[in-house]
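Report on the structure
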Amino acid sequence: MYRRCETAETGIGMHNYLCDTDGTGGHLKTIPEDFVVREISDPPRAKENGDYTIARVTCRNWETNRLVRMMSRSMGISRDRIGFAGTKDKRAITSQLMSVYGTPDLLEKVSLKDVEITDPYRGSRGIQIGDLIGNEFEIRVRDCTMPISDIPAVLEQNVATIKKTGGFPNYFGVQRFGVVRPVTHLVGERLVRGDIEGAVRTYITFTTPEEEPELQEKRKELVGCEDWGPVMNGIPERMSYEKMMAGVLVNNPDDWIGAISILPNNLQMMFVHAYQSYLFNEMLSRRMDAGLPLNMPVIGDLVIPTDSNGIPDHENPILTTAKNVDLVTRQVRAGRAFVTITLFGCEGQLAEGEMGEIERKVIEEQKLEQEDFVIPGLPRCTSKGSRREIVCPMKDLKFGMEDDGYTLRFSLPKGNYATCLLREFMKSEMRDY
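Read on for an overview of the structure. Please read all numbers here as calculations on a predicted model, not as lab measurements. Along each chain, the written sequence defines residue order, and numbers are assigned to residues from 1. Local features in a predicted model are, by the rule used here, given only for residues with pLDDT of at least 70; side-chain atom pairs are given and counted only at 80 or more, and totals for whole chains, interfaces and linings are based on all residues. Side-chain numbers here rest on the full set of heavy atoms in the structure, without hydrogens or water.

Take the packing of helix H3 (residues 184-192) against helix H4 (residues 196-205) next. In helix packing, the relevant descriptors are the interaxial angle and the interaxial distance, both defined with respect to the helix axes. Working convention: axes come from line fits to C-alpha atoms, limited for helices to the stretch in contact. Angles between N-to-C directions cover 0 to 180 degrees. Strands are runs of DSSP state E lasting at least two residues, helices are runs of H or I lasting at least four, and both sets are numbered from the N terminus onward. Orientation of H3 relative to H4, taken along the N-to-C sense of each, is 170 degrees, at an axis distance of 7 Å. Taken together, the axes of H3 and H4 lie roughly antiparallel to each other. Each of Leu 186, Val 187, Arg 190 and Leu 191 in H3 lies in contact with H4, whose residues at this interface are Ile 196, Gly 198, Ala 199, Thr 202 and Tyr 203. Its residues assigned to classes, the contact of H3 with H4 shows six nonpolar, two polar and one charged. Each angle is binned into one of four classes, with values under 35 degrees roughly parallel, values over 145 roughly antiparallel, values of 65 to 115 roughly perpendicular, and all other values oblique. By definition in these notes, contact holds between two residues if any of their heavy atoms fall within 4.5 Å. Residue classes follow a fixed rule: Ala, Val, Leu, Ile, Met, Phe, Trp, Tyr, Cys and Pro count as nonpolar, while Asp, Glu, Lys and Arg count as charged, and any other residue, Gly among them, counts as polar.

Let us now look at empty space enclosed by the protein. Put simply, the grid is 1 Å and covers the protein atoms alone, a cavity is a trapped set of points that fit a 1.4 Å probe, a pocket is an open set with protein on both sides within 12 Å along at least five of seven lines, and lining residues have an atom within 4 Å of a point. Grid points are joined across faces, edges and corners, and a volume is the space filled by probe spheres set on the points. Evaluated as defined, the whole model comprises one cavity of 30 Å³ or more. Roughly 30 Å³ of internal volume is contained in the largest cavity. Contributing to the lining of the largest cavity are Thr 342, Leu 343, Phe 344, Gly 345, Glu 347, Gly 348, Gln 349, Leu 350, Gln 370, Gly 385 and Ser 386. Of the residues assigned to the lining of the largest cavity, the class counts are three nonpolar, seven polar and one charged.

Helices are assigned an expected span. That span is 1.5 Å times one less than the residue count. Taking 1.5 Å per residue, 12 residues should reach 16 Å; helix H6 (residues 240-251) reaches 18 Å between its end C-alpha atoms and fits that length. The complete set of buried residues in H6 reads Ser 240, Tyr 241, Glu 242, Met 245, Ala 246, Val 248 and Leu 249. For H6, the secondary structure elements touched by its buried residues are helix H1 (64-75), H4, helix H5 (213-222), helix H7 (256-261) and helix H8 (265-289). We call a residue buried when its accessible area falls under 20% of the maximum for its residue type, exposed when it is over 50%, and partly exposed in between, using a 1.4 Å probe and counting protein chains only.

Turning next to the sheet that holds strand S10 (residues 302-305). One open sheet accounts for four strands, arranged S11-S10-S12-S13; its pairing is antiparallel. Looking at which strands have only one partner, the edges of the open sheet turn out to be strand S11 (318-319) and strand S13 (386-389). One bridge is not enough; two strands pair if DSSP finds at least two bridges between them. With four bridges joining them, strand S12 (residues 337-343) and S13 adopt antiparallel strand pairing. Directly across from Ile 341, in S13, lies its bridge partner Arg 388. H8 contacts S12 and S13 of the sheet and is inclined by roughly 125 degrees relative to S12.

Of the volumes computed, that of the second largest pocket is approximately 550 Å³. If you go around the second largest pocket, you meet 28 residues; those closest to its centre are Gly 335, Phe 338, Pro 393, Met 394 and Pro 413. Secondary structure elements with two or more residues in the lining of the second largest pocket: strand S8 (132-142), helix H9 (325-333), S12 and strand S16 (405-413). Of the residues contributing to the lining of the second largest pocket, the split by class is 16 nonpolar, nine polar and three charged.

Here we take up the pairing of strand S3 (residues 35-41). With five of seven residues buried, S3 lies mostly within the body of the structure. Where S3 lies against S8, seven bridges are found, and the strand directions are antiparallel. Bridged to Glu 39 within S8 is Asn 135. Pairing of S3 with strand S6 (residues 93-101) involves three bridges; the strand directions are parallel. From the neighbouring strand, Arg 38 faces S6, where its bridge partner is Ser 95.

This part is about the packing of aromatic side chains. For Phe, Tyr and Trp, rings pair up if their centres lie within 6.5 Å, where Trp contributes its six-membered ring, and each pair is then called stacked (planes under 30 degrees apart), edge-to-face (over 60) or tilted (otherwise). All chains considered together, the criterion is met by nine aromatic pairs. Consider the rings of Phe 137 and Phe 410, whose centres lie 5.3 Å apart with planes at 25 degrees: the pair is stacked. In this pair, Phe 137 is assigned in strand S8 and Phe 410 in strand S16, connecting sequence segments 273 residues apart. Overall, the relative accessible area of 3% leaves Phe 410 in the buried class. Ring centres of Phe 172 and Tyr 417 lie 6.1 Å apart, and the angle between their planes is 65 degrees; this geometry places the pair in the edge-to-face category. Residue Phe 172 is found in the loop between strand S9 (168-169) and H3, and its partner Tyr 417 is found in the loop between S16 and helix H11 (418-426); the two are separated by 245 residues along the sequence. Among the residues examined, Phe 172 registers a relative accessible area of 3% and is labelled buried. Aromatic rings pair up to connect Tyr 275, Tyr 278, Phe 344 and Phe 373 into one cluster. Charge-over-ring placement is defined geometrically: NZ (Lys) or CZ (Arg) within 6 Å of the ring centre, and within 35 degrees of the ring normal. Here the basic side chain of Arg 181 rests over the ring of Tyr 203, its NZ or CZ set 5.1 Å away from the ring centre. For Lys 427, the ring lying beneath its charged end belongs to Tyr 17, and the centroid distance is 5.0 Å.

In this model helix H2 (residues 151-165) runs 21 Å from its N-terminal to its C-terminal C-alpha over 15 residues, within 8% of the 21 Å that 1.5 Å per residue would give. Turning to H2, the residues buried within the fold contact S9, strand S15 (395-402), S16 and H11. Following H2 by one or two positions, Gly 166 adopts a phi angle in the positive range, close to 85 degrees.

Next up on the list: the environment of Val 298. Inspection of the secondary structure puts Val 298 in the loop between H8 and S10. Sequence spacing of Val 298 and Met 355 is 57 residues, and the spatial spacing of their C-alpha atoms is 8.5 Å. What Val 298 contacts, discounting residues up to four positions off in sequence, is Arg 287, Leu 292, Pro 293 and Thr 320.

Let us now look at the pattern of salt bridges. When a carboxyl oxygen of Asp or Glu lies within 4 Å of a side-chain nitrogen of Lys or Arg, that pair is called a salt bridge. Under the defined criterion, the tally for this structure stands at 28 salt bridges. Note that Lys 88 and Glu 39 form a salt bridge whose closest N and O atoms lie 3.1 Å from each other. Of the two residues, Lys 88 sits in the loop between strand S5 (82-84) and S6 while Glu 39 sits in strand S3, which places them 49 residues apart along the sequence. We note a salt bridge from Glu 189 to Arg 193, for which the minimum N-O separation is 3.0 Å. With a relative accessible area of 33%, Arg 193 lands in the partly exposed category.

By the secondary structure assignment, Glu 282 is in helix H8. If we ignore the near neighbours within four places in the chain, the residues touching Glu 282 are Thr 10, Gly 13 and His 15.

Okay, structure coming up:
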């Protein structure tokens, strides 16, 4: 049986740890330099006089959507003309490729603090969400509660367990939901249940004790608000998206769809995806509770193969049967295929056997139907669904000791969370990630 989680992570479906060791404690991102992310890119090919400019953007302590917004203002273009492959952590040093629909001279207009733009070239196409292979990480854990002398043995034991398993439980990490204010999945649930007004009000007013007192108070003041005009100026800049939504409601108090639509496209997509992520986390926890293996298939599992870059092909799941279980098991153990769990949406296939029973049980408890994930009036919030691998593999996992903690270095495939590896070592509270 796996070690049980006793932190607030249980509220987002993360009930178990793979590693049975005590946690080192500590926290991440004391300074941005403690969390370094370098994108492993799949760049568009160069094209002379191409319509797009591709460049590497390295920044310190920038949230991706805000960065795109400020870059678009600097260049005098719509933010929709800026492309990127994946959102990155804010409190970090990040390096990734971005694209601009236009010529390289546009980038010369960008002069933002702690943002460096290098290596521009003309490209054949823009960059879209998902256009990457993975990310390299260098992460420092500080202020550990475990005595420093005890940490190396714990790290070695955990590394051995993770390598033996072929990876770690592929939960969606706290960043998917919000570390200080885990709200995205709550908004997504309201959308799925057809309560657009509830989704908007939840995004604007939901708070937690971890949020800054000023923001907590402001959100409480906005509960039940009907006349948005008088409160607009009192919404602080740190609630910029909430202010954008309120701005729509000033002119039309019933335009709840418009209040969602004003948000960046990738944030709109994130809401329902986060709710699907919560369901996935619950299903993965229940698979572990049931004693089903993480690193090999059982009859009824849906398995997905990988492409030449080792990236899972989610479009072609293979059902594990009594006839092919030996072959599928060999493929999984060789890293050429992965066992999956559903990201339940308006399309897609559920597993059979014991895992299928777990998937259907969670869906029934939530009283969900596939058609619920078609969101009328909000096409970017609609989600077909997919499947997600239950183990996240990693490469080049190494650790080094520091005076007040340790550093982990590793790389992960795209769409996976470094904090879900770190939690196996730290076992800290959500706010510490």
